[in-house]
Structures are given as C-alpha cells and as structure tokens.
Amino acid sequence: MVIKKVEKILGRVYPTDVTEAGAERWMVHGLCRTMDPDIFFPSDGVGVDKARKICHNCPVRESCLEYALANHIDHGVWGGSSERERRRILRARRLAKIGAASN
Ligand code: SF4
C-alpha cells in the first residue's frame, strides 16, 4: 500500500515487477502494503484514528514518518501521523534548529 500511496501522491506508475526494486527498501515491509490506500487518506478524525491504529503496529513506522517529513508529503496518514501532526513536527524541528544555532 505504501507504494500505491506514493503513486497516489506523486502520480508515479510503476510496472509491478519494478515497483519493489524502485521503492524505498522499507516500503515493502509496510503493514498497509496490501490495503486500500484510501484508508490512509481519511476525510475525518475517525478515519485518521483508524489509519493510526494500523500504523501503530507497523515495523517501518519511523522510516515511513521520516520519508513523509523529508518529502514534505502533506496528504494522508504516514508513520501514524496526520498532516497536521507532521506540520507540527516539522515546525518543532525548525525551531529546535534555530534555537541550537543561536546558542
Ligand atoms: S507506518 Fe502506516 S502508512 Fe507507514 S508503512 Fe506502516 S502502515 Fe503504512
């Protein structure tokens, strides 16, 4: 599913046999890999919670979150975080960086 989600976000279309080779290594271990991508693009808080519960047990949650942060993906649930939560994380990291630079 992560790969399908990446396709949905980036508009990429990979042939099936190229998908795994072309994907980030962690993606093939995502719990959502075989799930409907729409679960991870919820339209309300209930949907976000549902996606979050799946992510909670995912072995690649941290990699997924970092991928979404690094690529500034602002749609969907990644690494158990909503768009709003990722914005908060990025803001906190920016502020921490500024704080560290000014010390
Ligand atoms: S953390 Fe969630 S969105 Fe990311 S790979 Fe795992 S199940 Fe999928």
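Residues numbered from 1 in each chain as written. Predicted model: local features only at pLDDT ≥ 70, side-chain atom pairs only at ≥ 80, totals over all residues.

## Section: the overall build of the chain
Reasoning step 1: Counting its secondary structure elements, the chain contains five helices and zero strands.
Reasoning step 2: The buried share of the chain, taken over its 103 residues, is 19%. (Helix = DSSP H or I, 4+ residues; strand = E, 2+ residues; numbered from the N terminus. Buried ≥ 20, exposed ≤ 12 C-beta atoms within 10 Å, placed from the backbone.)

## Some points on the site of the ligand
Reasoning step 1: Neighbouring the ligand are 15 residues, the closest being Gly30, Cys32, Cys55, Cys58 and Cys64.
Reasoning step 2: Elements that contribute at least two residues to the shell around the ligand include exactly helix 3 (45-56) and helix 4 (61-70).
Reasoning step 3: Considering only residue class, the shell around the ligand consists of eleven nonpolar, three polar and one charged. (Near = placed C-beta within 6 Å. Nonpolar A, V, L, I, M, F, W, Y, C, P; charged D, E, K, R; others polar.)

## Some remarks on the environment of glutamate 24
Reasoning step 1: With respect to the helices and strands, the residue glutamate 24 is situated in the loop between helix 2 (16-22) and helix 3.
Reasoning step 2: Residue glutamate 24 is classed as partly exposed on the basis of its 14 C-beta neighbours within 10 Å.
Reasoning step 3: Residues glutamate 24 and serine 63, 39 residues apart in the sequence, show an inter-C-alpha distance of 9.5 Å.

## Section: the nonpolar core
Reasoning step 1: Counting residues in hydrophobic clusters, the biggest one holds 14 residues, and the most contacted among them are Val2, Ile3, Phe40, Ala51, Cys64, Val77 and Trp78.
Reasoning step 2: Contributing elements (two or more residues each) for this core: helix 1 (2-10), helix 3 and helix 4.
Reasoning step 3: With sequence-adjacent residues up to four places away left out, valine 2 is seen in contact with Met27, Gly30, Cys32, Arg33 and Cys64. (Core = buried A, V, L, I, M, F, W, Y, C linked by C-beta atoms within 7 Å. Contact = placed C-beta atoms within 7 Å.)

## Focus: the confidence of the model for the chain
Reasoning step 1: When pLDDT is averaged along the chain, the result is 85; 86% of the residues meet or exceed 70.
Reasoning step 2: For the chain, per-element mean pLDDT is lowest for helix 2, which scores 43, and highest for helix 3, which scores 96.
Reasoning step 3: Under a pLDDT of 50 for its full length, residues 13-20 has, in the predicted model, six contacts with residues more than four places off or in other chains. (pLDDT = per-residue confidence, 0-100.)

## Brief notes about unusual backbone geometry
Reasoning step 1: Notably, histidine 72 is not glycine yet its phi reads approximately 50 degrees, a positive angle.
Reasoning step 2: Considering the arrangement of structural elements, one finds histidine 72 in the loop between helix 4 and helix 5 (83-102).
Reasoning step 3: Taking the C-beta count within 10 Å as the criterion, histidine 72 has 9 such neighbours and is therefore assigned exposed.

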